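The lines below spell out each chain.
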Amino acid sequence: MNLWRDIKGTLQPFWITLGYLFKKPVTIQYPEEKRTPPPRYRARIVLTRNPDGTERCVACQLCSAACPVDCISMQAAEDDDGRRYASWFRINFARCIFCGLCAEACPTMAIQTTPDYEICNRDVLKLVQEKEDLLIDGCGKDTEYNYYEHSGIGVANERGGNEDEYGPVDPKALVP
Amino acid sequence: MFQFLRLEYKGLPYRWTQHDKRIVFYVFLRVSVPPWRIDLKMPKLTIDNLEVTVPDGTNVLEAARELDIVIPHFCYHEALGSVGSCRLCAMMFVDGPVKGLQMACMVQAQDGMVVSSTDPDAMELREHVIEWAMTNHPHDCPVCDEGGECQLQEMTVAGGHGVRRYRGKKCTFTNQDLGPFVQQEMNRCITCYRCVRTYRDYCGGTDYGVFGSRNRIQYGRFQDGALESPFSGNIIDACPTGVLTSKPFRFKTRLWDLQEGPSICPHCSLGCATIPGGRYREIQRVKAGINRETNGFFICDRGRFGYDHANHPERPRQARLDGQPVTVDAALLAAREQVAAIASKHGPDSVAFLGSPRSSFEASVLLHDWAKATGSLQLVYEAHQGRDRAARTLAARLGKQVRSQEELRQSDLVILFGADPLAEGPMLALAIRQAVRNGGKVVVIDPRPVALPCVAKHLPLPPERLSEVLMALGKNDLNAFEADERSLLESLVEQLKVAQRPVLIGGADLLGGQGVQALCSAAEQLSSEQRSVGVITMLAGPNSYGGALLSGHGPDFDSVLDAVQEGTVRALVCLESDPFREARDPARAQAALGHLELLVSFDSTANLAAQRADIFLPTRANAEMAGSYVNNEGRLQAFLPVIDPGVPIRETGAGNHPPREFFQTTPGSAPEADWLLLAGLLDRKLNLVELRESIERDHPQFAGLSSITAETTGVRLTARGDLPPAEEQELPHAATAEALTLMAITGQVGSRWLAHLSSPLAATEPQPYVLLHPELAAELNLATDERARLTTHFGHCHVIIRTDEKMLKGLVMVPQLWDTALEGMVPGGLLDCRLEKEVQR
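A. Focus on the overall build of chain A. A count of helices and strands for chain A gives six helices and six strands. Counting from the amino terminus, chain A carries its helices and strands in the arrangement α-β-α-β-β-α-β-α-β-α-α-β. For chain A, the C-alpha radius of gyration of 26 Å lies well beyond 16 Å, the compact-globule estimate for 176 residues. By principal-axis analysis of the C-alpha atoms, chain A measures approximately 105 × 45 × 25 Å. A buried classification covers 27% of the 176 residues belonging to chain A. For chain A, restricting intrachain contacts to residue pairs at least 6 apart in sequence, the fraction spanning at least 24 positions comes to 69%.

This is how it looks when you write it as structure tokens:
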């Protein structure tokens with residue numbers, strides 16, 4: 001019965017191919033036609049803002065420490081109210097491998113990956129993006145978190161004014 | 001045979017019972033160490049199944065560290081000792097003389113101990129203790145400067161505390177403003193007491209302490225204000241978490257981004273170990289390095305915050321030839337050719353070479369070689385005549401009397417003759433304090449109100465009488481002194497007789513060559529076979545001693561200035577020195593140096609020599625190069641580079657992001673190590689290893705140079721220098737009637753060139769002031785903090801009156817303050833002056 005098997009083996013692939021002629025094609029005609037990646041897709045990196053509109057990034061350097069290709073650099077500075085922020089923040093997308101470790105390391109939810117994957121450019125300097133290019137007007141994936149509300153050193157609220165804190169103690173009081 | 005056992009009891013011979021004899025024999029057996037068991041002194045114990053033998057007196061925590069077993073701990077610090085308050089270093093003592101769960105830092109290692117650091121009970125206790133310590137700790141590691149080098153982070157992980165269980169409210173505290181150096185964030189405190197033990201106990205500060213009880217403990221000053229101790233920065237290193245962090249370094253860099261390396265402090269002659277850290281082409285901080293022979297574990301604030309001269313915006317970074325920017329090679333070639341041309345035209349002695357106490361030892365040797373190749377004998381290593389002579393006399397005389405800072409810490413009698421450690425070498429004051437804490441006594445004989453962080457007796461004597469005291473002490477003849485002076489000196493003589501480890505300390509500013517000579521002679525005369533009297537002298541810079549070793553019988557700079565004035569010296573090569581402002585008489589130096597045909601300057605700062613040089617070559621700052629210094633006890637110590645020079649990104653980016661363009665080279669990267677420039681000039685294309693080997697070959701007295709490495713305690717050179725040529729006897733200062741006698745001194749802040757260029761320190765520099773005895777101020781009708789007009793032969797300037805009861809009555813003292821009206825007040829010698837109340841208009 002080997003002959004029957006051979007005939008089947010020869011014709012069946014043609015039949016399958018023929019069947020696809022009448023199905024909807026899976027190929028997308030990029031760039032005319034664009035695909036929507038899933039929300040957690042790791043592409044362009046952005047800096048998000050707190051719900052109150054202030055910058056989330058505190059320039060703690062954890063993203064640049066986590067970055068395996070060293071494409072993030074920044075300088076921290078202090079604002080008048082004691083808030084730590086990035087005086088400049090630079091991501092070199094020519095180097096970035098979109099691994100998402102920076103977003104994973106970020107303790108303030110500031111740095112987030114977005115599904116915007118169209119970053120390619122012939123001019124390398126355009127891939128070196130500064131803070132003003134990276135900062136977006138929005139909270140990104142977490143719409144509630146404000147780091148300084150929880151930090152416990154009195155920047156967003158008065159010292160000892162957060163929910164989980166007592167007011168500042170008076171060390172000179174005589175009460176036992 | 002047993003005569004010694006005959007005792008008397010109530011006048012009758014005591015009869016030893018059999019029982020008594022048995023007890024004596026038993027005690028004898030227990031206390032005596034038979035010679036074959038002498039090694040009992042080195043207890044052998046077992047920690048985590050590993051055997052270790054440690055010196056007697058070591059605690060178990062240290063013994064475990066010998067085995068690379070790190071037991072979590074906060075309150076223990078090698079220099080501060082153990083207090084057993086943090087309860088974190090718990091270990092289970094399974095077998096041996098001590099048993100049960102004990103704090104490892106509080107138990108001395110004993111023979112036969114079996115200790116476990118992994119015992120479940122010990123681990124559980126440690127986990128709970130760290131959990132308690134973390135109860136009130138805020139959730140702010142991302143914005144804390146300690147992050148990355150936080151002992152609390154490390155110990156939390158090591159202690160096994162991962163998830164917070166406490167859901168209650170946390171305590172909070174109010175922060176204090178502790179001045180320009182230290183930033184406080186009290187909420188992070190875990191009450192380990194290390195800052196107070198460092199600040200009060202070790203450094204002798206009095207204005208910082210602890211308040212409150214239980215969970216209200218607050219560390220700080222009674223009121224807001226700058227910390228007064230000149231060692232305040234050490235609490236930054238001591239704090240295991242982010243309560244006390246450096247203000248100038250605030251939010252600059254994380255530890256993991258910082259380029260660090262072992263270095264030697266360039267600010268005074270003591271040669272303390274430091275660890276500078278740099279990033280983005282600027283030096284951003286300095287931490288104390290560890291050298292048990294010199295600084296121990298701490299450094300002074302001048303060393304800690306004096307790094308910024310390397311980042312100074314006006315630092316010259318470009319080689320210049322007749323005012324035009326050229327390449328380093330072109331400038332080197334021009335320097336060599338023009339110096340050779342003048343030497344061949346006017347004779348070799350028409351070129352003078354001026355080294356510096358702050359250039360590396362290798363460069364100093366190469367300058368010596370250049371002078372030798374030129375044939376010139378005009379080689380000086382210090383523009384200030386008195387300091388130069390002091391260094392050269394010390395290098396010639398210091399033999400067995402040499403003492404290190406560690407030996408000073410063990411001293412039982414310290415006598416300061418014309419030495420003001422807080423101005424001339426602050427860490428020496430800290431070493432003196434440790435001597436006092438170990439039971440030593442301190443006597444100060446000085447016209448200045450020498451402030452020390454410890455109790456000291458003070459005898460104010462005019463500067464010219466210091467040598468007299470030294471000679472009198474050496475000969476033990478005090479008849480020349482008045483009664484009140486004699487009483488203190490007589491008690492001093494008595495103390496000197498019984499002291500086992502006395503040390504005499506001098507300062508180059510006040511003693512000069514003759515004073516150092518007298519100091520060394522006195523020490524020799526006072527030494528006996530049983531004990532030797534030590535000598536420590538504070539010199540001008542980190543390599544003063546190295547320069548003095550190379551000076552030979554050369555002239556001092558004042559005679560070079562005479563030769564320039566006469567026209568016999570026509571060219572001057574300055575290696576990292578500024579003869580215009582560092583000479584003892586700057587006005588005379590500026591007048592004389594105007595006659596020069598050629599001025600060559602190698603420097604890393606924008607001093608006058610660098611600005612006026614015909615040929616200028618930029619050198620690297622101390623933290624940017626490898627090299628070595630010889631400190632004031634002849635200790636040769638190596639240092640390594642931390643960063644490469646370049647205009648800081650803070651500057652190129654003007655505070656914003658770095659420029660968005662590509663450069664072939666780093667801007668401002670032309671400066672090279674001073675020794676590399678000189679080696680290139682002398683056609684010795686060598687690296688540092690080869691250079692050190694060739695120096696050893698050419699100068700056998702510097703044996704050991706090629707074997708030194710950074711991060712070691714260094715090598716004490718046995719080479720001796722030569723005494724400087726005899727000094728012209730200066731007439732004692734004859735005070736004219738009505739005029740006051742003015743003495744220029746080195747101030748604690750503002751008198752050192754490199755420190756002055758450092759912005760964190762410059763912010764603490766005082767307004768020009770004069771220092772008076774309150775009685776003299778009252779005679780002149782002047783009050784403290786009042787403005788007055790000081791007139792000298794330099795002209796007049798406005799000063800603020802300060803008074804101090806400890807100083808000599810008849811003198812008016814002014815600190816040399818760079819870039820103020822008091823810039824020309826170079827210490828050494830006395831002047832006439834007038835002081836009047838400022839008339840309000």
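Structure's up, so let's keep going.
B. Highlighting the interface of chain A and chain B. Listed per partner, the contact involves 31 residues of chain A and 28 residues of chain B. Breaking the side of chain A that touches chain B down by element, the ones donating at least two residues are helix 2 (62–66), strand 2 (72–78), strand 3 (84–92), helix 6 (148–151) and strand 6 (165–168) of chain A. The residue inventory of the side of chain A that touches chain B, partitioned by class, reads 15 nonpolar, eight polar and eight charged. With two bridges joining them, strand 6 of chain A and strand 8 (residues 170–172) of chain B adopt parallel strand pairing.

C. Main features of helix 5 (residues 194–202) of chain B. Residue and element names in this part refer to chain B. Along helix 5, the positions that sit buried rather than exposed are Arg194, Cys195, Arg197, Thr198, Tyr199 and Tyr202. Lining the buried residues of helix 5 we find strand 11 (218–220), helix 6 (234–238) and strand 12 (244–246). Glycine 204 sits one or two residues past helix 5 and shows a positive phi near 75°.

D. The environment of leucine 152 of chain B, seen in detail. Residue and element names in this part refer to chain B. By the secondary structure assignment, leucine 152 is in helix 4 (residues 151–159). Classification of leucine 152 as buried rests on a count of 24 C-beta atoms within 10 Å. Along the sequence, leucine 152 and alanine 109 sit 43 residues apart, while their C-alpha atoms lie 26 Å from each other. The residues touching leucine 152, leaving out its near neighbours within four places in the chain, are Ile190, Pro240 and Thr241.

E. Inspection of the sheet that holds strand 5 (residues 128–129) of chain A at higher detail. All names here are of chain A. Spatially, 2-3-5 is the arrangement adopted by the three strands of the open sheet, whose pairing is antiparallel. The open sheet has two free edges, formed respectively by strand 2 and strand 5, since each of these has just one partner strand. Both strand 3 and strand 5 contribute to a ladder of two bridges, which runs antiparallel. Looking at the pairing, asparagine 92 lines up with valine 128 of strand 5.

F. Region of interest: unusual backbone geometry. The step from tyrosine 30 of chain A to proline 31 of chain A runs through a cis peptide bond, and the omega angle for that step is 5°. With respect to the helices and strands, proline 31 of chain A occurs in the loop between helix 1 (2–20) and strand 1 (45–47). With a phi close to 35°, arginine 214 of chain B is a non-glycine residue in the positive phi region. Relative to the helices and strands, arginine 214 of chain B is located in the loop between strand 10 (209–211) and strand 11. Judged by the 9 C-beta atoms lying within 10 Å of it, arginine 214 of chain B is exposed. One non-glycine residue, glutamate 576 of chain B, lies in positive phi territory at about 50°. By secondary structure assignment, the location of glutamate 576 of chain B is in the loop between strand 26 (571–575) and helix 19 (579–582).

G. Geometry of the sheet that holds strand 7 (residues 114–116) of chain B. All names here are of chain B. As summarised here, the arrangement of the five strands in space is 4-3-7-5-6, forming an open sheet in which the pairing is mixed. Looking at strand neighbours, the two that pair on one side only are strand 4 (50–53) and strand 6 (100–103), the edges of this open sheet. Shown here is a sheet whose adjacent strand axes are inclined to one another by a mean of 35°, direction ignored. Inspection of the sheet shows strand 5 (residues 90–95) paired to strand 6 by four bridges, in the antiparallel sense. Bridging from a neighbouring strand, alanine 90 pairs with methionine 103 of strand 6. Against the sheet, helix 3 (residues 120–133) makes contact with strand 5, strand 6 and strand 7, and its axis sits at roughly 165° relative to strand 5, the strand it touches most.

H. Geometry of the pairing of strand 3 (residues 44–47) of chain B. All names here are of chain B. Side chains Leu45 and Ile47 of strand 3 all project onto a buried face; the interleaved residues Lys44 and Thr46 project onto a face where none is buried. In this sheet, strand 4 lies alongside strand 3 in antiparallel orientation, the contact comprising four bridges. Within strand 4, the position partnered with lysine 44 by the bridge is threonine 53. Linking strand 3 to strand 4, which pair antiparallel, is a turn of two residues; within it aspartate 48 sits at a positive phi near 50°. Here strand 3 pairs with strand 7 via two bridges, running parallel. Bridged to threonine 46 within strand 7 is valine 114.

I. Main features of the environment of tyrosine 199 of chain B. All names here are of chain B. Mapped onto the fold, tyrosine 199 is located in helix 5. A residue is classified by how many C-beta atoms lie within 10 Å of it, and tyrosine 199, with 25 of them, is buried. For the pair formed by tyrosine 199 and isoleucine 235, sequence separation is 36 residues and the distance between their alpha carbons is 6.5 Å. Tyrosine 199 has contacts with Gly205, Tyr208, Ser229, Ser232 and Ile235, leaving out every residue within four places of it along the chain.

J. The packing of helix 8 (residues 328–346) of chain B against helix 23 (residues 674–681) of chain B, seen in detail. Residues and elements named next belong to chain B. For the pair helix 8 and helix 23, interaxial distance at closest approach is 9 Å and the crossing angle is 60°. As summarised for this structure, helix 8 and helix 23 are arranged oblique, according to the angle between their axes. The hand of the helix 8/helix 23 crossing is right-handed. Only Leu677, Gly680 and Leu681 of helix 23 make contact with helix 8, whose side of the interface consists of Leu332, Ala335 and Arg336. Partitioned by chemical class, the residues of the contact of helix 8 with helix 23 number four nonpolar, one polar and one charged.

K. Seen up close, the pairing of strand 28 (residues 615–618) of chain B. All names here are of chain B. Both faces of strand 28 are covered, namely the face carrying Ile615 and Leu617 and the face carrying Phe616 and Pro618. Examined bridge by bridge, strand 27 (residues 598–603) and strand 28 share four bridges and lie parallel to one another. Looking at strand 28, one finds that phenylalanine 602 is bridged to leucine 617.

L. Spotlight on the nonpolar core. In this structure, Phe417, Leu519 and Val770 of chain B are the most contacted members of the largest nonpolar core, which totals 220 residues. Sort the elements by how many residues they give to this core and helix 16 (residues 508–526) of chain B lands first, with ten residues. When near neighbours in sequence (up to four residues on either side) are disregarded, valine 770 of chain B contacts Leu790, Val799, Ile801, Arg802, Val812, Met813, Val814 and Leu835 of chain B. One finds Cys57, Cys60, Phe89 and Tyr148 of chain A within the second-largest nonpolar core, a separate group that totals 32 residues.

What counts, and at which threshold
- Residues numbered from 1 in each chain as written.
- Chains lettered and ligands numbered in written order.
- Predicted model: local features only at pLDDT ≥ 70, side-chain atom pairs only at ≥ 80, totals over all residues.
- Helix = DSSP H or I, 4+ residues; strand = E, 2+ residues; numbered from the N terminus.
- Rg over C-alpha atoms; globule rule 2.2 N^0.38 Å.
- Buried ≥ 20, exposed ≤ 12 C-beta atoms within 10 Å, placed from the backbone.
- Contact = placed C-beta atoms within 7 Å.
- Nonpolar A, V, L, I, M, F, W, Y, C, P; charged D, E, K, R; others polar.
- Pairing = 2+ DSSP bridges.
- Axes fitted to C-alpha atoms, helices over the stretch in contact; angles between N-to-C directions.
- Parallel < 35°, antiparallel > 145°, perpendicular 65-115°, else oblique.
- Left-handed = near helix turned anticlockwise from the far one by under 90°.
- Core = buried A, V, L, I, M, F, W, Y, C linked by C-beta atoms within 7 Å.

Nothing here speaks to function; it is geometry throughout.
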